Amino acid sequence: MTGSVIPASTKVPSSAAVAAAPDHCRSVPRHFLGPPEPWNPTVGLFLCGYLLAGLTVWGWFVGNWPLPLLVATGFLALHMQGTVIHDACHRAAHPHRFWNAFMGHGAAMLLGFSYPVFTRVHLEHHAHVNDPEKDPDHTVSTFGPLWLIAPRFFYHEYFFFHRRLWRRYELLEWGIARGIFLVVVVTAAQQGFLSFVFNCWFAPALLVGVTLGLFFDYLPHRPFHERNRWRNARIYPGKTMNWLIMGQNYHLVHHLWPSIPWFHYKPAYEAVKPLLDMKGSPQRLGIYESCGDLLNFLYDVFLGIRSHKRSRSRLRNLVRIVPSRWGCRQLLHVLHRTAVTPLPRRS
């Protein structure tokens, strides 16, 4: 059921062909790679996110706003901070190191994340894209249904400690962040506003977790085969999606040049499109192009657990509870067809 992300008609050029290409087709223009201005759209997202969070608090305790509106403002506030923490971990949110880290910690606080955990785990993802053992986001995307992708982000915390990824004072930063989170929840329980925390923080955070998992992890990397740097993520161009999900539809641009801020993904893509065409980079969503693509997507929506070896599926034990041999064969067929076997990095 999983298919290649490269069209059959696409040919990956030889290194000689790439070397013969004009200079402007060999990499992204340098002006996209520099640090952003001190006042940039990411700073705007950070401030607007906190403004919306403040309005949510005011709307609950003072304004008596309807719950759907409060959930919507809470969702927008956290959705904006998702891009802030992502760019901050690549030092692309602000040119000054202190303010970049300040924005990263502030965004993490609203999201209920830990900034050092997010940073170290996300950088591991960049270093080992689609590696079943070393890429934490690969596990998040392939070990359960899409509608449960949000709670799987807690795997990042496990991964952080299991791999001992912290540096210098980051373990202390993690402890402070988690301490603040616990103080807020305990205080809410004691002071009688726990319902606000659940309705206007945890519920929007759950929705944002699904959104981030879908657009940052799942869609950019499916069907999780490729490890080649030019094909391990995808692009599906679109002006509307560019603003709704803040550039993540140009995710391959981010993987190739992580220092580029999100608001430059689209123009950077347009500048290097000839190079991406030469490299055979996937430049479409890849869900509706064939029956197999659609069935794969539906499988991931409802079940989504994928093995990395056809003969050793994580779900193979389910075969034992199927009452008929025909049912066993059909289930094994599904498990084999949905197995993910990532290609070598330089394939």
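None of these values were measured; they are calculated from a predicted model. (Residues numbered from 1 in each chain as written. Predicted model: local features only at pLDDT ≥ 70, side-chain atom pairs only at ≥ 80, totals over all residues. Heavy atoms only, no water.)

A short note on the pattern of salt bridges
Rule in force here: The term salt bridge refers to a side-chain nitrogen of Lys or Arg lying within 4 Å of a carboxyl oxygen of Asp or Glu. In this description a helix means any DSSP run of H or I spanning at least four residues, a strand means any run of E spanning at least two, and both kinds are numbered starting from the N terminus. Three exposure classes are used, based on accessible area relative to the maximum for each residue type with a 1.4 Å probe and protein chains only: buried under 20%, partly exposed in between, and exposed over 50%.
On inspection of all chains with the given rule, the structure shows seven salt bridges. For Arg120, the salt bridge goes to Glu170, with nearest N and O atoms at 2.8 Å. Taken as a pair, Arg120 in helix α5 (residues 115-127) and Glu170 in helix α8 (residues 170-191) lie far apart in primary sequence, 50 residues in all. We note a salt bridge from Lys273 to Asp277, for which the minimum N-O separation is 3.1 Å. Pair noted here: Lys273 and Asp277 are both in helix α12 (residues 265-279), with a separation of four residues, about one helical turn. Exposure remark for Lys273: the relative accessible area of 32% places this residue in the partly exposed category. Exposure remark for Asp277: the relative accessible area of 39% places this residue in the partly exposed category.

A word on helix α3 (residues 67-89)
Heads up, the condition is: For a helix, the expected span equals 1.5 Å multiplied by the residue count minus one.
Look at α3: 33 Å from first C-alpha to last across 23 residues, which is about the 33 Å you get at 1.5 Å a residue. Burial of α3 is extensive: 17 of the 23 residues sit out of reach of the surface. Just downstream of α3 lies Arg91, where phi reads positive at about 55 degrees.

Considering the packing of aromatic side chains
Going by this rule: Stacked, edge-to-face and tilted are the three classes for Phe, Tyr and Trp ring pairs, Trp counted by its six-membered ring, which pair at centre distances within 6.5 Å; planes under 30 degrees apart are stacked, over 60 edge-to-face, the rest tilted.
This structure, assessed with the given rule, holds 26 aromatic pairs. The interplanar angle of 65 degrees and the centroid separation of 6.1 Å between the aromatic rings of Phe46 and Phe102 together place this pair among those described as edge-to-face. Here Phe46 is found in helix α2 (residues 41-61), whereas its partner Phe102 is found in helix α4 (residues 97-111), with 56 residues between them in sequence. On the basis of relative accessibility, which here comes to 9%, the residue Phe46 falls in the buried class. Geometrically, the ring pair formed by Phe61 and Phe193 is edge-to-face, given 6.1 Å between the ring centres and 75 degrees between the ring planes. One end of the pair, Phe61, is in helix α2; the other, Phe193, is in the loop between α8 and α9 (194-221), with 132 residues separating them in the sequence. On the accessibility criterion, Phe61 (43% relative accessible area) is partly exposed. Judged by relative accessible area, Phe193 falls into the partly exposed class, the value being 23%. Grouping aromatic residues by their ring pairs yields a cluster made of Phe46, Tyr50, Phe98, Trp99 and Phe102.

Comments concerning empty space enclosed by the protein
Where we set the bar: The method works on a 1 Å grid over the protein atoms by themselves. A cavity is a set of points holding a 1.4 Å probe that cannot get out, a pocket is an open set with protein on both sides within 12 Å along at least five of seven lines, and residues with an atom within 4 Å of a point line them. Grid points are joined across faces, edges and corners, and a volume is the space filled by probe spheres set on the points.
According to the stated counting rule, one finds two cavities of 30 Å³ or more in the structure shown. What the largest cavity holds in volume is close to 140 Å³. Forming the boundary of the largest cavity are 13 residues, of which Phe118, Phe153, His156, Phe216 and Asp217 lie nearest the centre. At the level of elements, α3, α5 and α9 are the ones that each hand at least two residues to the lining of the largest cavity.

Examining a nonpolar patch on the surface
Put simply, the test is: Within the patch definition used here, like charges are joined within 9 Å and nonpolar side chains (Val, Leu, Ile, Met, Phe, Trp, Tyr) within 5 Å, considering only residues with over 30% relative accessible area and no salt bridge. Shrake-Rupley sampling with a 1.4 Å probe provides the accessible areas, and residues are treated as covered by the protein chains on show and by no other component.
Together, Tyr50, Met109, Tyr169, Leu172, Ile176, Ile180 and Val184 line one region of the surface with nonpolar side chains, adding up to about 640 Å² of accessible area. Among the elements that take part in the nonpolar patch, α8 stands out by supplying four residues, more than any other. Looking at where Tyr169 falls in the secondary structure, it is placed in the loop between α7 (155-162) and α8.

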